[in-house]
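The residues making up each chain are set out below.
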Amino acid sequence: MRTLCASTLIGEFFVIGFAGLVAMKSDDLSMATVWTVCGVGMLLSVLLCGVITRPGGIQLGWVLQVLLVLSGFFVPMMFVLGVIFGALWWASVHYGRRIDEAKARWAAQAEEQGSTQAPAQG
């Protein structure tokens, strides 16, 4: 799960940065505001890569997804990109957990097969 989620978060890092470039052209927002908000979002996306498997990591990822969608009020294309990355986040969590469960089953089967075979006497 960690690999899939981290890949999604790194993609979001770049999308947030590019959204900041677009938002800079807005007359309603100052450059300092844009880069403070984008910088915090980019930093959060990178830091989440390291805590994704800890308690609350997935929930923080969902918070980031909601914030991405809400950023569409300032950069309208972010409504679309936020929904796309929300779907990617869901898929990363859902299928990542399924992959982790399958790996655990395979490891248990391999261990079981290893313990049922008698060691060779020499």
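See the structure shown above.
This is a predicted model, so every value here is computed, not measured. Residue indices follow the written sequence of each chain, beginning from 1 at its first position. For this predicted model, a pLDDT threshold of at least 70 governs which residues receive local features, and a threshold of 80 or more governs which side-chain atom pairs are given and counted, while totals over whole chains, interfaces and linings are taken from all residues. Computation of side-chain values: all heavy atoms of the structure, hydrogens and water removed.

A. Here's a closer look at the packing of helix α1 (residues 2-23) against helix α4 (residues 77-116). Contact geometry of α1 with α4 gives a least axis separation of 8 Å together with a crossing angle of 170 degrees. It follows from the interaxial angle that α1 and α4 lie roughly antiparallel. Crossing handedness for the pair α1 and α4: left-handed. Between α1 and α4, the contacting residues are Leu-4, Cys-5, Thr-8, Leu-9, Gly-11, Glu-12, Val-15 and Ala-19 on the first element and Met-78, Leu-81, Phe-85, Leu-88, Trp-89, Ser-92, Val-93, Tyr-95, Gly-96 and Ile-99 on the second. Residues are grouped as follows: nonpolar covers Ala, Val, Leu, Ile, Met, Phe, Trp, Tyr, Cys and Pro; charged covers Asp, Glu, Lys and Arg; every other residue, Gly included, is treated as polar. Here the residues of the contact of α1 with α4 are counted per class, giving 13 nonpolar, four polar and one charged. Where helices are involved, their axes are fitted lines through C-alpha atoms of the stretch in contact, as for all axes, and angles between N-to-C directions lie from 0 to 180°. Numbering goes from the N terminus for both helices and strands, where a helix is a DSSP run of H or I of at least four residues and a strand is a run of E of at least two. The scheme is simple: roughly parallel for angles under 35 degrees, roughly antiparallel for over 145, roughly perpendicular for 65 to 115, oblique for anything else. When the near helix sits turned anticlockwise from the far one by under a right angle, the crossing is termed left-handed; a clockwise turn instead gives a right-handed crossing. Every residue pair with non-hydrogen atoms within 4.5 Å of one another is taken to be in contact.

B. A look at a nonpolar patch on the surface. On the surface, Leu-60, Val-63, Val-66, Leu-67, Leu-70, Phe-73, Phe-74, Met-77, Phe-79, Val-80, Ile-84 and Leu-88 cluster together into a nonpolar patch covering about 1100 Å² of accessible area. Elements that contribute at least two residues to the nonpolar patch include exactly α3 (57-70) and α4. Secondary-structure assignment places Leu-60 in helix α3. Exposure remark for Leu-60: the relative accessible area of 42% places this residue in the partly exposed category. Patches here: salt-bridge-free residues with over 30% relative accessible area, like charges joined within 9 Å, nonpolar side chains (Val, Leu, Ile, Met, Phe, Trp, Tyr) joined within 5 Å. All accessible areas in this document rest on Shrake-Rupley with a 1.4 Å probe, and a residue is counted as covered only by the protein chains that are shown. The rule for a salt bridge is simple: a side-chain nitrogen of Lys or Arg has to be within 4 Å of a carboxyl oxygen of Asp or Glu. The buried label applies to any residue whose accessible area, calculated with a 1.4 Å probe on protein chains only, is under 20% of its type's maximum; exposed applies above 50%, and partly exposed to all values in between.

C. Focus on the side chain of Ser-45. Within the fold, Ser-45 resides in helix α2 (residues 31-51). Residues in contact with Ser-45, not counting those within four places in the same chain, are Leu-9, Phe-13 and Leu-64.

D. Examining the packing of aromatic side chains more closely. For Phe, Tyr and Trp, rings pair up if their centres lie within 6.5 Å, where Trp contributes its six-membered ring, and each pair is then called stacked (planes under 30 degrees apart), edge-to-face (over 60) or tilted (otherwise). Within the structure shown, the criterion is met by three aromatic pairs. Ring centres of Phe-13 and Phe-14 lie 5.3 Å apart, and the angle between their planes is 85 degrees; on these two criteria the pair is classed as edge-to-face. Residues Trp-90 and Tyr-95 carry aromatic rings whose centres are separated by 6.1 Å and whose planes lie at 80 degrees to one another, so their mutual orientation is edge-to-face. On the basis of relative accessibility, which here comes to 41%, the residue Tyr-95 falls in the partly exposed class.

E. Structural detail: the side chain of Thr-8. Its place among the elements puts Thr-8 in helix α1. If we ignore the near neighbours within four places in the chain, the residues touching Thr-8 are Phe-85, Leu-88, Trp-89 and Ser-92.

F. Representation of α4 in the model. Counted at 1.5 Å a residue, the expected span for α4 with its 40 residues is 58 Å, and the 58 Å between its end C-alpha atoms agrees. Restricting attention to buried positions, one finds in α4 the residues Met-78, Gly-82, Phe-85, Gly-86, Trp-89, Ser-92, Val-93, Gly-96 and Ala-102. Residues of α4 that are buried sit in contact with α1 and α3. Every helix has an expected span of 1.5 Å times one less than the residues it contains.

G. Looking closely at α2. Its 21 residues place the ends of α2 30 Å apart at the C-alpha level, agreeing with the 30 Å of an ideal helix rising 1.5 Å per residue. Among the structural elements, α1 and α3 are those in contact with the buried residues of α2.

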